[in-house]
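Structural overview for review
These are the residues of each chain, in order.
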Amino acid sequence: MIIKSIELQNFRNYDSLKMDLDEKTNILYGDNAQGKTNILEALYLSGTTKSHKGSKDRELIKFENDEAHIRCIVEKAGMDYRIDMHLRKNKSKGIAINGIPIKKAAELFGILNIIFFSPEDLDIIKRGPSERRRFTDLELCQLDKIYLHNLTNYNKVLNQRNKLLKSMYYEPQLEDTLSIWDMQLVAYSKEIIRRRKDFMEELNEIASGVHEKLSGGRETLEVKYEPNVEKDQMEEKLAEALERDKRQKMTSVGPHRDDICFLANGIDIRKFGSQGQQRTSALSLKLAEIELVRRRIQDMPVLLLDDVLSELDSNRQNYLLNTIGELQTVITCTGLDEFINNRFEINKIYKIVNGSISQSN
Ligand code: ATP
Ligand code: MG
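Scope of this entry: the structure provided in the associated data block. (Residues numbered from 1 in each chain as written. Chains lettered and ligands numbered in written order. Predicted model: local features only at pLDDT ≥ 70, side-chain atom pairs only at ≥ 80, totals over all residues. Heavy atoms only, no water.)

**As for the environment of D84**
You can see D84 is positioned in strand β5 (residues 79-88). D84 sits in the buried class, given a relative accessible area of 18%. Taking C-alpha positions, D84 is 43 Å from S215, a pair spaced 131 residues apart along the chain. Aside from chain neighbours lying at most four places away, what touches D84 is I70, R71, G94, I95 and A96. (Helix = DSSP H or I, 4+ residues; strand = E, 2+ residues; numbered from the N terminus. Buried < 20%, exposed > 50% of the residue type's maximum accessible area, 1.4 Å probe, protein only. Contact = heavy atoms within 4.5 Å.)

**Description of the state of the cysteines**
For the structure on display, the rule yields zero disulfides. Free cysteine C141: the closest other cysteine sulfur is in C72, separated by 20 Å. The class of C141 is buried, set by a relative accessible area of 10%. (Disulfide = S-S within 2.5 Å.)

**Let's talk about the pairing of strand β9 (residues 221-226)**
Residues of β9 alternate between two faces, with L221, V223 and Y225 buried on one and E222, K224 and E226 left unburied on the opposite face. Judged from the six bridges that link them, β9 and strand β10 (residues 259-264) form a sheet pairing that is antiparallel. Within β10, the residue paired with Y225 across the bridge is I260. (Pairing = 2+ DSSP bridges.)

**Focus on unusual backbone geometry**
One non-glycine residue, R12, lies in the positive phi region at around 45°. Structurally, R12 can be placed in the loop between β1 (2-11) and β2 (14-20). The phi dihedral of E64 falls on the positive side, at around 65°, and the residue is not glycine. Within the secondary structure layout, E64 lies in the loop between α2 (57-60) and β4 (67-76).

**Concerning the site of ligand 1**
Among the 15 residues in the neighbourhood of ligand 1, the closest are listed as N32, A33, K36, T37 and I61. A distance of 3.1 Å is found between a nitrogen atom of ligand 1 and a backbone nitrogen or oxygen belonging to R12. Backbone polar atom of G35 to an oxygen atom of ligand 1: 2.9 Å apart, as the coordinates give it. Against a free-state accessible area of 660 Å², the protein chains account for coverage of 74% of ligand 1. At three residues, the largest contribution of residues to the shell around ligand 1 is made by helix α1 (residues 36-48). Residue composition of the shell around ligand 1, grouped by class: three nonpolar, six polar and six charged. (Near = heavy atom within 4 Å. Polar contact = N/O pair within 3.5 Å; in protein donor to acceptor, adjacent residues only side chain to side chain. Areas by Shrake-Rupley, 256 points an atom, 1.4 Å probe, with all protein chains shown as cover. Nonpolar A, V, L, I, M, F, W, Y, C, P; charged D, E, K, R; others polar.)

**Description of the sheet that holds strand β13 (residues 329-333)**
If you trace the six strands from one edge of the open sheet to the other, you get β8-β12-β13-β3-β14-β15, paired in mixed fashion. Each edge of the open sheet carries a strand with a single partner, namely β8 (114-117) and β15 (356-359). Sheet twist, expressed as the average angle between the axes of neighbouring strands with direction ignored, equals 20°. On the sheet, helix α9 (residues 275-297) packs against β8 and β12 (302-306) and is oriented at approximately 170° with respect to β8. (Axes fitted to C-alpha atoms, helices over the stretch in contact; angles between N-to-C directions.)

**Topic: the packing of helix α4 (residues 145-170) against helix α5 (residues 178-214)**
With their axes 9 Å apart at the nearest point, α4 and α5 run at an angle of 145° to one another. Crossing angle aside, the handedness with which α4 passes α5 is left-handed. Here the contact of α4 with α5 is built from residues that sort into 14 nonpolar, five polar and five charged. (Left-handed = near helix turned anticlockwise from the far one by under 90°.)

**Remarks on empty space enclosed by the protein**
Enumeration according to the criterion identifies one cavity of 30 Å³ or more in this entry. Put simply, the largest cavity is a space of about 30 Å³. R132, R133, T136, R196, M200, Y225, D258, D259 and I260 together form the lining of the largest cavity. A total of three residues in the lining of the largest cavity trace back to one element, the largest contributor, which is helix α3 (residues 129-143). (1 Å grid on protein atoms, 1.4 Å probe; cavity = no way out; pocket = protein on both sides within 12 Å on 5 of 7 lines; lining within 4 Å. Points joined across faces, edges and corners; volume = space filled by probe spheres on them.)

So this is what it looks like as structure tokens:
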């Protein structure tokens, strides 16, 4: 799949923009705060309906406007898809595919698979568990509609259960209704845990191979799923935790507390890794993600690299650029210097200045 073009209206710092993309490497360069990341954000939205930063719709609309539009043309398996997105200040967004409105975000998934790679991804190992769950969820939701369904419902039920735990503090008789939520929580969590486990096993297999090459054979990497509760123990653990949950007025067990463990040469580098070990392992993880998506969708995802090249030494830069190979890639950077030493073909170069673009070659 490739993105052929993107059009923006009143999106972030753009009044209006139309940009054609090359099917291989596209570079967006310009000074800070000119609008490079904003374009990547719009592309990511077109594939996933969500901002990579988790921004709300109304934050995406240009200041002092009430609505914004994104139009993205995607080619997949020889067919063109026109994805239109209408962002509104106080309503949920409208999405249409080839002019036909869709009701659920999930209907969009599968047309455009996007991998977003930003400097924050390189810090995923030293950051908290919620960041690592977010990584898993963002990818799995794109790949697996049933996962998305289960996760959405799990979060809804979890919310309700937590509300009930709060209300129970004043109205203890409400405890009778808790089991309704518990049953659902158990059912959804089983599906989530099972799918996360499969995902992590596949990711581990690929990442360990990548890491061996990246580290020149000096280090092994194991990526291990750390479920808060095993798939078949949720019911039991939930019951065990009831008194604590009542005291704390929130649910203390379940996949919303999962984590991923990273072992380099057998050592947990979340706690004991050097900065370099953590970043190289994060790069291995990200490269593995690209390969995993490729296998699962049997097509090429689109790769967005937001300012990551300047974060890597030339060895790792080269490794990343070689991996990109035939993927469609959009790269942002502040200068073109970093490409000069790379034998690397750039197909389209755009300069971004204060919300407008010009093509330069
Ligand atoms: P950097 O190199 O620092 O990463 P960038 O080119 O990636 O810069 P962006 O993150 O794309 O910059 O942001 C460009 C500008 O968009 C920022 O100055 C920001 O203030 C502005 N901006 C963000 N949201 C909105 C909005 N809703 N309306 C108008 N402008 C906005
Ligand atoms: Mg930026």
